[in-house]
Amino acid sequence: MRDTLTAEVLRNALMVAAEEASIVVVRSAYSTLIVEGSDASAAILDARGRLVAQSVATTLMNSMALRAALPELLKDVPPGTMSPGEVYVLNDAYRGGVHTNDLLVYRPVFAGGAPAYFTATMIHVSDLGGLSAGGMAPLATDVFLEGLQLPPVRLATAAGLEPAVEAILRANSRTPDKVMGDVRALVAGTAVAAARLGALIGEYGEAGLAAGIDDYLDHTETMTRAALAELPRGRFEAAYPIDDDGITPGVAHHVRVAVTVGDGGVVVDFAGTGPQVPAAINASASQSLAAAVFAVRCFLDPALPMNDGCLRALDVRLPEGSLLNARSPHPCGGRYVPIYAAMEAVFQALSDAVPERAIAASGILQPFSIAAVGAPYWIHLAYDFGGVGARRGLDGPDATGVHFGIGRNSVPQAEPVESRCPLVVESIETIPDSGGPGRWRGGLGSRTVYRFLAECHVTTRGDRLRLPPPGRDGGLPGRVGGFLRRGRDGRLERLAAKVNNVRFAAGEAFVVETTGGGGIGPPGERDPGAVAADLASGRVTRRGAEEDYGVRVAADGSLSRDG
């Protein structure tokens, strides 16, 4: 069991078990975001709370939550009181969770007569109350406005779902049938992973499986420490702003970080980050941990496994009561805003440390929901992505965002959305000249237009729509996006980045424009051939070529640069 090949086979077998669980959730769920966007996560943990494996689609945001919340479950429900077939659920952001709509579901897997492992699944269910449908609530001033909170409770037994818990979930949802369909999908996913894990216990034996897991977690730690040892020693500091909190427009908040690389590993310390606020721009600790781990891993070997062995090599410090480690009753639903600022701050600190791998700041995902104004409720919850910042030697990818909050998920296809909701997706396109000019250009933002066939409410939670993502080393910022209303007469009205339940009439359109990424290096140093390629592809307009890059376009289409 202790040879490297066997350990690697076992690691992949456990990852496949988790992956199968996430696929089962996607295929069984009712919510559009899950079914069409494949936004589901699954993981396998042991009774010591270690992350053993996660599905390929699982995001660090979700696996860190599943890891952080398991010890909280075990505090309330001791393993010795659990029985085979039981399933547990929680969503408490202050106990490892994310926010009210993200349900974390656990099933104990027994070995030697006691829970030895837990299979876990997690998705954003369609609705669990709060200020707006779909769990957005961008203007919440406390957690109670974000929806139903669940401490660790038993969700199901071998006989089926707990009737009392089902009744509570139904009573707190605008879409009770969809929520319960989502819940059953989560339970089914844990059952499939548990069956696969049981087969591995039978194949390797209880002691053999435990030894194999110990081996490959240790091996991952060794590999991670070796990769970290290649980073230059020193202390590297950076900060990144948040546009505003949605309550007080124009007042920025800041996330600050110091990344210290030493012989013993890496310390990521967010001391100096702004304090928690009574607005939806705070995050729970599990989400901020995910941001830091993701950002550091982007500067390491991408082949490094993601499990508890990796986490041992990183010391992430999150000041309690800050934007990155909020305490009750401060809302955590807007966690994307502070954790993406945290991720960006770490990116910029490590870009200073390793300039040959530098990346400029990016446009981030812009979440929004479109929902019926009354019963019967329908909900479309989605994210559009900004342009990625330029990398040293490479232009930034267009409209993908540097996102670690979503696994397989991409923008849902237009046709399924149109079949489920009274709207038409009129257009989806990238925005020319939106990438920050530079020797290496930032990725473009996108523009999507939804025309409504019925009255509806629009809720948004955007950022980097006032303060553009800056470039590096002489590169220029990306173009900011925004949320807009297009009236029946065609006139455009810009909405605030964070709005709740703005009423749209039938025939009006909602326009989502995402922010482009920053550039790297002076635009005047960009290869004219690259500018010509951008012109040919439509990424840059003639005006952009001339004004941003100083490249003249002659009547015959030939290019020249002054000087």
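Residues numbered from 1 in each chain as written. Predicted model: local features only at pLDDT ≥ 70, side-chain atom pairs only at ≥ 80, totals over all residues. Heavy atoms only, no water.

A.B. asks: With reference to specific residues and values, describe the nonpolar core.
C.D. replies: Tyr106, Val259, Val268, Phe270 and Val346 are the most contacted members of the largest nonpolar core, which totals 85 residues. Among the elements that take part in this core, helix H9 (residues 336-353) stands out by supplying 13 residues, more than any other. Ala29, Val105, Leu155 and Leu186 belong to the second largest nonpolar core, which has 24 residues in total. (Core = buried A, V, L, I, M, F, W, Y, C linked by side-chain atoms within 4.5 Å. Buried < 20%, exposed > 50% of the residue type's maximum accessible area, 1.4 Å probe, protein only. Helix = DSSP H or I, 4+ residues; strand = E, 2+ residues; numbered from the N terminus.)

A.B. asks: Now, about the packing of aromatic side chains: what can you tell me, with residues and values included?
C.D. replies: Per the counting criterion, the structure on display carries ten aromatic pairs. The interplanar angle of 50 degrees and the centroid separation of 6.4 Å between the aromatic rings of Phe294 and Phe347 together place this pair among those described as tilted. Residue Phe294 is found in helix H7 (residues 285-297), and its partner Phe347 is found in helix H9; the two are separated by 53 residues along the sequence. Residue Phe294 shares its accessibility class with Phe347, and that shared class is buried. When the ring of Phe368 is compared with that of Phe510, the centres are 5.5 Å apart and the planes differ by 70 degrees; the resulting orientation is edge-to-face. (Phe/Tyr/Trp six-rings, centres within 6.5 Å; stacked < 30°, edge-to-face > 60°.)

A.B. asks: Please provide a residue-by-residue account of H9, values included.
C.D. replies: For H9, spanning 18 residues, the distance from its first C-alpha to its last is 25 Å, which sits close to the expected 26 Å at 1.5 Å a residue. Burial analysis of H9 places 17 of its 18 residues in the buried class, which makes it a mostly covered element. (Expected span 1.5 Å × (residues − 1).)

A.B. asks: Explain the sheet that holds strand S8 (residues 234-242) residue by residue, including any values.
C.D. replies: In spatial order, the strands read S8-S9-S10-S11; together these four strands make up an open sheet with mixed pairing. The open sheet terminates on both sides in strands that have one partner only, identified here as S8 and strand S11 (314-317). Geometrically, the sheet is characterised by an average inter-axis angle of 15 degrees between neighbouring strands, direction not taken into account. As paired elements, S8 and strand S9 (residues 253-262) share nine bridges and run antiparallel to each other. Residue pairing in the sheet places Glu237 in a bridge with Ala258 of S9. Each of S8, S9 and strand S10 (265-269) touches H9; the most contacted strand, S8, lies at about 145 degrees to it. (Pairing = 2+ DSSP bridges. Axes fitted to C-alpha atoms, helices over the stretch in contact; angles between N-to-C directions. Contact = heavy atoms within 4.5 Å.)

A.B. asks: Run through the pattern of salt bridges, naming residues and quoting values.
C.D. replies: Overall, the coordinates contain 47 salt bridges when judged by the stated rule. A salt bridge links Asp395 to Arg526, with the shortest nitrogen-to-oxygen separation between them at 2.8 Å. Of the two residues, Asp395 sits in the loop between strand S13 (379-384) and helix H10 (414-420) while Arg526 sits in the loop between strand S20 (509-513) and helix H11 (528-537), which places them 131 residues apart along the sequence. Given the relative accessible area of 26%, Asp395 is considered partly exposed. The salt bridge involving Arg503 is made with Glu455; its shortest N-O contact spans 3.3 Å. Separated by 48 residues along the polypeptide, Arg503 in strand S19 (residues 498-504) and Glu455 in the loop between strand S15 (446-452) and strand S16 (456-461) bring together distant segments of the chain. By relative accessible area, Glu455 is classed as partly exposed at 40%. One network of salt bridges, with partners in common, ties together Asp395, Asp398, Arg441, Arg526, Asp534 and Arg539. (Salt bridge = Lys/Arg side-chain N within 4 Å of Asp/Glu carboxyl O.)

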